[in-house]
Amino acid sequence: MRSSFTQLYVHYVWATWDRLPIITPDIQKEVYGAIIRESEQLKCTVIAIGGIEDHVHLLTGFPPTISISELVKQIKGSSSHFITHEIKPGEFFK
């Protein structure tokens, strides 16, 4: 019996609300770290991460056991939660 082999990659790009420049250099590494941690918990391989003040790019390899929509929901949600509750509590972030 042959074993199956699957290689899936996805390039995510998401922006801040109204493209506001709120991912500033002072929090950028922490935000990227949170995104990488969440990706790894979802069994994704982070290949590249980057962006500027108003958007993030993420390239991952991911397992066939999870949908792209679930990946995006989890990664975006956890990074937003991290910023609003740990990095900048009480400040505007969307």
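Just above, that's the structure.
Read on for an overview of the structure. Sequence order as written defines residue numbering, which begins from 1 separately in each chain. Per-residue local features are limited, in this predicted model, to residues with pLDDT of at least 70; the limit for side-chain atom pairs, both in listing and counting, is 80 or more; totals at the level of whole chains, interfaces and linings are taken over all residues. Where side-chain values are given, they derive from all heavy atoms of the structure, hydrogens and water being excluded.

### Considering the side chain of Ser-39
Item 1. Helix and strand definitions follow DSSP, with helices as H or I runs of at least four residues and strands as E runs of at least two, each counted in order from the N terminus. Mapped onto the fold, Ser-39 is located in helix 1 (residues 25–41).
Item 2. Ser-39 has contacts with Cys-44, Val-46, Leu-58, Thr-60 and Ile-75, leaving out every residue within four places of it along the chain. What makes two residues a contact is simply this: any of their non-hydrogen atoms within 4.5 Å.

### Some words on the pairing of strand 3 (residues 55–62)
Item 1. Among the eight residues of strand 3, six are classified as buried, and the element is accordingly described as predominantly covered.
Item 2. Any two strands with at least two DSSP-identified bridges between them are counted as paired. Summarising the sheet, strand 1 (residues 8–15) and strand 3 pair through eight bridges and their orientation is antiparallel. If you follow Leu-8 over to strand 3, its bridge partner there is Phe-62.
Item 3. The pairing of strand 2 (residues 45–52) with strand 3 spans seven bridges and is antiparallel. Bridging from a neighbouring strand, Gly-51 pairs with Val-56 of strand 3. To sort residues, take the accessible area from a 1.4 Å probe on protein chains only and compare it with the maximum for the residue type: under 20% means buried, over 50% means exposed, and anything in between is partly exposed.

### A short note on helix 2 (residues 68–87)
Item 1. Expected helix span is given by 1.5 Å per residue-to-residue step, counting one fewer step than there are residues. For helix 2, with 20 residues, the first-to-last C-alpha span of 27 Å sits near the 28 Å given by 1.5 Å per residue.
Item 2. Within helix 2, the full set of buried residues consists of Leu-71, Ile-75, Ser-79, Phe-82, Ile-83 and Ile-87. All buried residues of helix 2 lie within an arc of 95° about the axis, which places them on one face of the element. Those residues of helix 2 that are exposed and aimed more than 90 degrees away from the buried face are Ser-69, Lys-73 and His-85. In this description, one arc is meant: the one made by directions from the helix axis to the C-beta atoms.

### Overview of the packing of helix 1 against helix 2
Item 1. To obtain each axis, a line is fitted to C-alpha atoms, and for helices this fit is confined to the stretch in contact; angles are then taken between N-to-C directions over 0 to 180 degrees. Running from N to C, helix 1 and helix 2 point in directions that differ by 140°, and their axes come no closer than 9 Å. By the criterion of interaxial angle, the relationship of helix 1 to helix 2 is oblique. Crossing hand, helix 1 versus helix 2: right-handed. Touching Ile-27, Glu-30, Val-31, Ala-34, Ile-35, Arg-37, Glu-38 and Ser-39 of helix 1 are Gln-74, Ile-75, Ser-78, Ser-79, Phe-82, Ile-83 and Ile-87, all from helix 2.
Item 2. Following the grouping adopted for this structure description, the nonpolar residues are Ala, Val, Leu, Ile, Met, Phe, Trp, Tyr, Cys and Pro, the charged ones are Asp, Glu, Lys and Arg, and the polar ones are all others, Gly among them. Partitioning the contact of helix 1 with helix 2 into residue classes produces eight nonpolar, four polar and three charged. An angle counts as roughly parallel when it lies under 35 degrees, as roughly antiparallel when it exceeds 145, as roughly perpendicular when it falls between 65 and 115, and as oblique in every other case. For any helix crossing, the convention is left-handed if the near helix is rotated counterclockwise from the far helix by under a right angle, and right-handed if that rotation is clockwise.

### Re the nonpolar core
Item 1. As used in this record, nonpolar core signifies buried Ala, Val, Leu, Ile, Met, Phe, Trp, Tyr and Cys residues forming a set joined through side-chain atoms within 4.5 Å. By size, the foremost hydrophobic cluster in this structure holds 20 residues, and its most contacted members are Tyr-12, Trp-14, Val-31, Ile-35, Leu-71 and Ile-75.
Item 2. Sorting the residues of this core by element identifies strand 1, helix 1, strand 3 and helix 2 as the ones contributing at least two each.
Item 3. When residues no more than four places from it in sequence are discounted, the contact partners of Ile-75 are Tyr-12, Trp-14, Ile-35, Glu-38, Ser-39, Leu-42 and Leu-58.

### Comments concerning helix 1
Item 1. With 17 residues, helix 1 extends 25 Å between its outermost C-alpha atoms, agreeing within 8% with the 24 Å of an ideal straight helix rising 1.5 Å per residue.
Item 2. Considered for burial, the residues of helix 1 that qualify are Ile-27, Val-31, Tyr-32, Gly-33, Ala-34, Ile-35, Glu-38 and Ser-39.
Item 3. Looking one or two places after helix 1, you find Lys-43, whose phi comes out positive at around 65°.

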